[in-house]
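# A closer look at the structure
Below are the chains, spelled out letter by letter.
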Amino acid sequence: MKLPAAKPASPATRALQVVPPSGPTAWLTTFTAGAMTFLCVFALALSIASGRLADRWSEALARTATIRLSAPVEQVQIQTDAILSVLAATPGIASFRAIDDAETRSLLEPWFGPGLPIEALPIPRLFEVVEATPGYDAEGLRQRLAAEAPGALLDDHTRWRRPLAEAAGRIRLLGVLSIALIGATMAAMITLAARAALAANAEVIRVLRLVGAKDSYIARAFVRRFTLRTLAGATVGAAAGLAGVAALPAADAAGGFLTGLGFVGSAWAWPLILPPLAALVAFLATRRAALAKLKELT
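Definitions and limits used
Numbers given to residues run from 1 along each chain, matching the order in which its sequence is written. In keeping with the predicted nature of the model, local features appear solely for residues at pLDDT of at least 70, side-chain atom pairs appear and are counted solely at 80 or more, and the whole-chain, interface and lining totals rest on all residues. Computation of side-chain values: all heavy atoms of the structure, hydrogens and water removed. Between rings of Phe, Tyr and Trp, where Trp is taken as its six-membered ring, a pair exists when centres lie within 6.5 Å; planes separated by under 30 degrees are stacked, by over 60 edge-to-face, and by other angles tilted. The numbering of helices and of strands both runs from the N terminus, where a helix is a DSSP run of H or I of at least 4 residues and a strand a run of E of at least 2. Exposure categories follow from relative accessible area, calculated using a 1.4 Å probe and restricted to protein chains: below 20% of the type maximum is buried, above 50% is exposed, and the middle band is partly exposed. Think of it as a cone above the ring: NZ of Lys or CZ of Arg counts as a charge over the ring if it is within 6 Å of the ring centre and within 35 degrees of the ring normal. A pairing counts as a salt bridge when a side-chain nitrogen of Lys or Arg comes within 4 Å of a carboxyl oxygen of Asp or Glu. In the cavity and pocket records, a cavity denotes points on a 1 Å grid over the protein atoms alone where a 1.4 Å probe fits but cannot get out, a pocket denotes an open set with protein on both sides within 12 Å along at least 5 of 7 lines, and lining residues are residues with an atom within 4 Å of a point. Grid points are joined across faces, edges and corners, and a volume is the space filled by probe spheres set on the points. Residues were grouped as follows: Ala, Val, Leu, Ile, Met, Phe, Trp, Tyr, Cys and Pro as nonpolar; Asp, Glu, Lys and Arg as charged; and all remaining residues, including Gly, as polar. The definition of a nonpolar core used throughout is a set of buried Ala, Val, Leu, Ile, Met, Phe, Trp, Tyr and Cys residues joined through side-chain atoms within 4.5 Å. Any two residues having at least one pair of non-hydrogen atoms within 4.5 Å are treated as being in contact. Between any two strands, pairing holds if DSSP finds at least two bridges. To get an axis, fit a line to the C-alpha atoms, keeping to the stretch in contact for a helix; angles then go from 0 to 180 degrees between the N-to-C directions. We define a polar contact as two N or O atoms separated by no more than 3.5 Å, with the added condition that, inside protein, one atom must be a possible hydrogen donor and the other a possible acceptor, whereas residues neighbouring each other in sequence contribute only through side-chain atom pairs. Patches draw on residues past 30% relative accessible area with no salt bridge. Two like charges within 9 Å are joined, as are two nonpolar side chains (Val, Leu, Ile, Met, Phe, Trp, Tyr) within 5 Å. Only the protein chains shown count as covering a residue, and every accessible area follows the Shrake-Rupley method with a 1.4 Å probe. The directions from the helix axis to the C-beta atoms are what the arc is built from. Per residue, pLDDT measures the predictor's confidence, with a range of 0 to 100.

What follows concerns the packing of aromatic side chains. In the structure shown here, the tally under the stated rule is two aromatic pairs. Summarising the aromatic geometry, the rings of F38 and F42 are spaced 5.0 Å apart at their centres and angled 55° between planes, so their arrangement reads as tilted. Of this pair, F38 and F42 both sit in helix α2 (residues 24-62), four residues apart, roughly one helical turn. Residue F42 is classed as partly exposed on the basis of its relative accessible area, which comes to 28%. Geometry around F226 places R229 over its ring, the cationic atom sitting 5.0 Å from the centre.

See below:
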């Protein structure tokens with residue numbers, strides 16, 4: 001009985017056979033891709049979460065203002081009534097209220113501890129103002145307060161919002177630069193691994209040239225092998241990074257900056273771009289290294 005002829009290997013499969021499937025370069029490439037992608041996931045998570053936190057703080061301050069009243073004891077209640085009257089007559093204000101002593105005590109408790117004697121301290125009286133849409137005229141409100149309550153000072157939080165907006169932009173830029181630096185490091189490591197593999201297989205390359213193999217064919221074999229190794233390592237690194245980010249503490253108002261350092265909603269899809277991006281970096285780095293090394297071996 002005649003057995004069916006074996007299906008001939010495809011050109012891509014035959015090209016892959018030129019490069020040894022294991023060895024130090026294989027482990028180095030896979031480990032480097034996995035480790036760098038793992039770090040990229042955390043850099044991406046930190047960048048997105050920090051920018052989101054700064055945006056949330058800036059948005060929370062955007063529609064609020066504070067009026068601080070510093071006046072003699074006998075004038076406090078008189079000027080308080082005047083401030084409330086001015087706010088009630090000002091268009092563009094959604095709501096306003098005077099912050100009582102109990103709330104002031106709770107606001108100062110993290111710095112001064114519990115049991116702070118508010119009554120015995122010259123602490124200004126505070127008023128919270130929430131802006132409507134459209135908003136109020138801040139300069140006009142300041143002038144009316146200066147006329148009706150000389151001890152009142154309006155703070156529309158502009159000096160707080162601007163640094164937060166700048167911080168959000170810089171944090172995002174830092175995240176992009178970190179990912180670019182990690183990608184450059186991965187490209188350098190893969191380039192070294194590819195050159196080492198080419199040098200180790202110098203005799204094989206000479207034999208291939210003797211039987212008519214072109215440098216483009218040999219380079220393509222190394223590029224394909226290292227690209228696949230990088231893609232596999234990056235996929236494992238991205239999966240490990242996503243698992244690590246998912247294990248971080250969830251967003252908590254009491255936790256502040258150290259919680260909620262993860263992805264939200266569609267942001268979870270961003271790390272899925274990293275393995276193909278790592279494979280592209282490996283493709284470009286290996287191709288350049290292979291062509292340069294083959295010229296040296298001529």
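That was the structure; now back to the text.
This next bit is on the pattern of salt bridges. Under the criterion given, the structure shown has five salt bridges. A salt bridge links E128 to R97; the shortest N-O distance between them is 2.9 Å. With E128 in strand β3 (residues 125-131) and R97 in strand β2 (residues 93-98), this pair connects stretches of sequence that are 31 residues apart. Taking relative accessible area as the criterion, E128 reaches 29% and is therefore assigned partly exposed. Among the salt bridges present, the one from E139 reaches R142, with a minimum N-O distance of 4.0 Å. With E139 and R142 both in helix α5 (residues 138-148) and three residues apart, the pair spans about one turn of that helix. Within this structure, R97, E103 and E128 form a network of salt bridges that share partners.

This paragraph deals with the layout of surface pockets. Of the pockets and cavities examined, the largest pocket occupies roughly 900 Å³. Among the elements that take part in the lining of the largest pocket, helix α4 (residues 101-112) stands out by supplying six residues, more than any other. For the lining of the largest pocket, the class distribution of residues is 12 nonpolar, four polar and six charged.

This next bit is on the nonpolar core. Counting 35 residues, the largest nonpolar core has I205, I218, F222, F226 and F263 as the members making the most contacts within it. Of all elements in the fold, only α2, α6 (158-200), α7 (202-210), α8 (215-246) and α9 (274-296) reach the threshold of two or more residues within this core. Sorting elements by how many residues they give to this core places α6 first, with eight residues. Among all residues touching I205, those that are not within four sequence positions of it are L198, I218, F222, L294 and L297. Grouped together as the second largest cluster of nonpolar side chains are 17 residues, A65, I93, L141 and A149 included.

A sheet is described by the order of its strands in space; here four strands give the open sequence β2-β3-β1-β4, paired in antiparallel fashion. The two strands at the open ends of the sheet, each matched to only one other strand, are β2 and β4 (152-155). On average, each strand axis in the sheet is inclined to that of its neighbour by 20°, with strand direction left out of account. With five bridges joining them, β2 and β3 adopt antiparallel strand pairing.

To continue, consider the side chain of T90. Looking at the secondary structure, you find T90 in the loop between α3 (73-88) and β2. Among the residues examined, T90 registers a relative accessible area of 7% and is labelled buried. Among the polar contacts listed, one links the side chain of T90 to the side chain of R144, at a separation of 3.4 Å. Not counting residues up to four positions away in its chain, the partners in contact with T90 are Y136, L141 and R144.

Our focus in this paragraph is the pairing of β3. Summarising the sheet, strand β1 (residues 64-69) and β3 pair through six bridges and their orientation is antiparallel. Among the inter-strand pairings, T64 is bridged to a residue of β3, identified as V130.

Another point: a nonpolar patch on the surface. Judged by side-chain polarity, W270, I273, L277, L280, F283 and L284 come together as a nonpolar surface patch covering roughly 590 Å² of accessible area. With a relative accessible area of 45%, I273 lands in the partly exposed category.

Three- or four-residue spacings in an α-helix give side chains the same orientation, since the helix completes a turn every 3.6 residues. Here α5 has its buried residues at A138, G140, L141 and L145. Seen along its axis, α5 keeps its buried residues to an arc of 160°; they face one direction. Looking at α5, the residues exposed on the side facing more than 90 degrees away from the buried face are Q143 and A147. Contact partners of the buried residues in α5: β1, α3 and β4. Here α5 starts with a cap whose side-chain oxygen sits 3.4 Å from the backbone nitrogen of E139, and that cap is D137.

Below, the discussion takes up the confidence of the model for the protein. Predicted confidence across the protein gives a mean pLDDT of 80, with 84% of residues reaching 70 or more. Contacts of residues 1-6 to residues separated by more than four positions or lying in other chains number zero contacts, the stretch itself having pLDDT below 50. Below pLDDT 50 for its whole length, residues 253-258 participates in two contacts with residues either more than four positions away or in separate chains.

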